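# Structure assessment
Given next are the chains, with one letter for each unit.
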Amino acid sequence: ERAGLTVFKNVTPKLADGTVIEVAANIGSLEEIEAAQEAGAMGVGLFRTELLFMRHMHLPSEDMQAETYAALAKAFAPYPVIVRTLDIGGDKPIAGIEFPDEENPFLGWRGIRMCLDRPNIFKRQLRALLRAAVHGNIKVMLPMVADIGEVRQTRVLVAECAAELKAEGVPHAPFDLGVMIETPAAVLIAPALAKEVAFFSIGTNDLTQYIMAADRLNPTVAKLNDVTNPAVMMAIELTAKAGVAAGIMVGMCGEAAGRPDLIATFVKMGLTELSMSPASIQRAKKTIMALAAGE
Ligand code: PEP
Ligand code: MG
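Reference entry: report on the structure contained in this document. Numbering of residues starts from 1 in each chain and follows the order in which that chain's sequence is written. Working convention: letters from A go to chains and numbers from 1 go to ligands, in the order in which they are written. Where totals are concerned, whole chains, interfaces and linings use all residues; where local detail is concerned, this predicted model gives features only for residues with pLDDT of at least 70, and gives and counts side-chain atom pairs only at 80 or more. Working from all heavy atoms in the structure, the side-chain values ignore hydrogens and water.

A few words now on the coordination of the magnesium ion (ligand 2). For the magnesium ion (ligand 2), the full set of protein donor atoms is E182 (OE) and D206 (OD), and the range of their distances to it is 2.0 to 2.2 Å. Highlighted residues: E182 in the loop between β5 (176-181) and α8 (184-188) and D206 in helix α10 (residues 204-212), separated in sequence by 24 residues. As far as burial versus exposure is concerned, E182 and D206 are alike and both buried. Donor selection uses N, O and S atoms within 2.8 Å of the metal (3.2 Å for Na, K and Ca). Since no water is included, sites may look incomplete. The secondary structure listing takes helices from DSSP runs of H or I that are at least 4 residues long and strands from runs of E that are at least 2 residues long, numbered from the N terminus. The buried label applies to any residue whose accessible area, calculated with a 1.4 Å probe on protein chains only, is under 20% of its type's maximum; exposed applies above 50%, and partly exposed to all values in between.

The pairing of strand β6 (residues 199-202) with strand β7 (residues 249-252) spans four bridges and is classified as parallel. Within the sheet, the bridge partner assigned to S201 lies in β7 and is G251. For the handedness criterion, the β-α-β arrangement of β7, helix α12 (residues 260-269) and strand β8 (residues 273-276) is classed as right-handed. By the convention used here, strands pair only if DSSP detects at least 2 bridges between them. By the criterion used throughout, a crossover qualifies as right-handed when its path from the first strand across the helix to the second strand runs clockwise, the strands pointing away from the viewer.

The rule for a residue being near a molecule or strand is that one of its heavy atoms must lie within 4 Å of it. As a matter of local geometry, ligand 1 sits amid L46, R48, R84, M180, E182, G203, T204, N205, D206, R216, C253 and G254. One of the side-chain nitrogen or oxygen atoms of D206 is found 3.0 Å away from an oxygen atom of ligand 1. The protein chains hide 94% of the 290 Å² of surface that ligand 1 would expose on its own. Of all the secondary structure elements, the ones that give two or more residues to the shell around ligand 1 are β2 (44-48) and α10. Looking at which element gives the most residues to the shell around ligand 1, the answer is α10, with three residues. What qualifies as a polar contact is a pair of N or O atoms within 3.5 Å, subject to a donor-acceptor requirement within protein and to the restriction that residues adjacent in sequence count only when both atoms come from side chains. Each accessible area value is a Shrake-Rupley result obtained with a 1.4 Å probe; residue values ignore everything except the protein chains displayed when judging cover.

The criterion for an aromatic pair is that two Phe, Tyr or Trp rings (for Trp, the six-membered ring) have centres within 6.5 Å, with stacked assigned to planes under 30 degrees apart, edge-to-face to planes over 60 apart and tilted to the rest. Scanning the model with the defined rule gives two aromatic pairs in all. The interplanar angle of 80 degrees and the centroid separation of 6.5 Å between the aromatic rings of F47 and Y69 together place this pair among those described as edge-to-face. Of this pair, F47 sits in strand β2 while Y69 sits in helix α4 (residues 62-76), placing them 22 residues apart in sequence. Owing to a relative accessible area of 0%, Y69 belongs among the buried residues under this scheme.

It is possible for side chains of opposite charge to pair when their charged atoms get near one another. By definition, a salt bridge exists where a carboxyl oxygen of Asp or Glu is found within 4 Å of a side-chain nitrogen of Lys or Arg. Counted according to the given criterion, the structure contains 18 salt bridges. The residue R84 makes a salt bridge to E50 at a minimum N-O spacing of 3.0 Å. Linking R84 in strand β3 (residues 80-84) with E50 in helix α3 (residues 50-54), this pair joins segments that are 34 residues apart in sequence. Neither residue differs from the other here; R84 and E50 are each classed as buried. With a shortest N-O distance of 2.7 Å, R131 and E62 are connected by a salt bridge. With R131 in helix α6 (residues 119-132) and E62 in helix α4, this pair connects stretches of sequence that are 69 residues apart.

The next point concerns the sheet that holds β6. Read around the barrel, eight strands follow the order β1-β2-β3-β4-β5-β6-β7-β8 and close on themselves; strand pairing throughout is parallel. Averaged over all adjacent pairs, the angle separating strand axes in this sheet is 25 degrees, with direction ignored. In what follows, a contact means two residues having at least one pair of non-hydrogen atoms within 4.5 Å. In this description, a line fitted to the C-alpha atoms serves as the axis of each element, helices being fitted only across the stretch in contact, and the angle between N-to-C directions of two axes falls anywhere from 0 to 180 degrees. Against the sheet, α4 touches β1 (22-27), β2, β3 and β4 (137-142), its axis set at about 160 degrees to β2.

Tracing the sequence through the fold places T49 in the loop between β2 and α3. Residue classification places T49 among the buried positions, given a relative accessible area of 0%. One polar contact links T49 to Q125, side chain to side chain, over a distance of 3.2 Å.

For a helix, the expected span equals 1.5 Å multiplied by the number of residues minus one. Across its 17 residues, helix α11 (residues 230-246) extends 24 Å between first and last C-alpha, which sits within 8% of the 24 Å expected from 1.5 Å per residue. Between the side-chain oxygen at the start of α11 and the backbone nitrogen of A231 there is a gap of 2.9 Å, and the oxygen is on N229. Directly beyond the C-terminal end of α11, a positive phi value near 75 degrees is found at G247.

It is the contact of α12 with helix α13 (residues 281-292), at a shortest axis distance of 10 Å, that shows an interaxial angle of 50 degrees. Comparing their axes, α13 and α12 come out oblique. α13 is crossed by α12, and the crossing has right-handed handedness. When α12 is examined against α13, the residues P260, I263, A264 and V267 are found in contact with a partner set consisting of R283, A284, T287, I288 and L291. Of the residues that constitute the contact of α12 with α13, the class distribution is seven nonpolar, one polar and one charged. Angle categories: roughly parallel below 35 degrees, roughly antiparallel above 145, roughly perpendicular from 65 to 115, and oblique for all the rest. Crossing handedness follows the turn of the near helix against the far one: under a right angle anticlockwise gives a left-handed crossing, and clockwise gives a right-handed one. Polarity classes work like this: nonpolar for Ala, Val, Leu, Ile, Met, Phe, Trp, Tyr, Cys and Pro, charged for Asp, Glu, Lys and Arg, and polar for all others, with Gly in that last group.

Next comes the structure, spelled out in structure tokens:
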């Protein structure tokens, strides 16, 4: 089956009305660029920065981060590279940040919550991203957003970083700021969020666990951890509606984005970007082309 799919590698999948559906890659390191390009990725829809932070015995420097993000941007230009800011919590500790003991790490100090409480760490990453944006089409997205204040606080920090870089004479460029939709709160405030961000990316892995109140790592409740549950599909639909009404891009970067049996539903809801592991890309392109052909 694999060999038969390679004809889709360089295809730009479009719907019958001409809408391009961007099929992008989820990756977590520069080593994965080649596999993503071999698969025909139209950019990166989710660059997980956790590995960068977990690989070393210390926090990565601004220079090291800027080089990594710039290499990514260059590799995929003019396609966008969506870099997710650090999404780490008590379940995945890293050197250089002390985490509290938490009874419920998935409901605890993780993602954007931790970053806003540690502005020195967060600003180092934001400065690196502003510097890398000179070299390609960098977009930035925030994980675990549950409150609009988190977006506004981030914007203040981004402005501070840009002003600092300017004063230092360091080349930098602005980037689009978006949010992951992966908490029920974000779904419910999606119409308000859509007015303040450039794009949504639906994180179905966490969205499913939080909508269904079923730990994604707990096999005992695995049956509830199902993206096709009507409650989760309703959350995805509400998000898409809010994004489409506001005229912003709505994408998806959870595992579900690569499922051939769900792609038609997501596209009908108005999603125009699907980001997945490189191994799923060609099959997803084929699925979208078949939709356009009315199969
Ligand atoms: C998600 O939650 O759907 C997602 C893409 O992020 P992660 O799996 O890294 O939490
Ligand atoms: Mg997530």
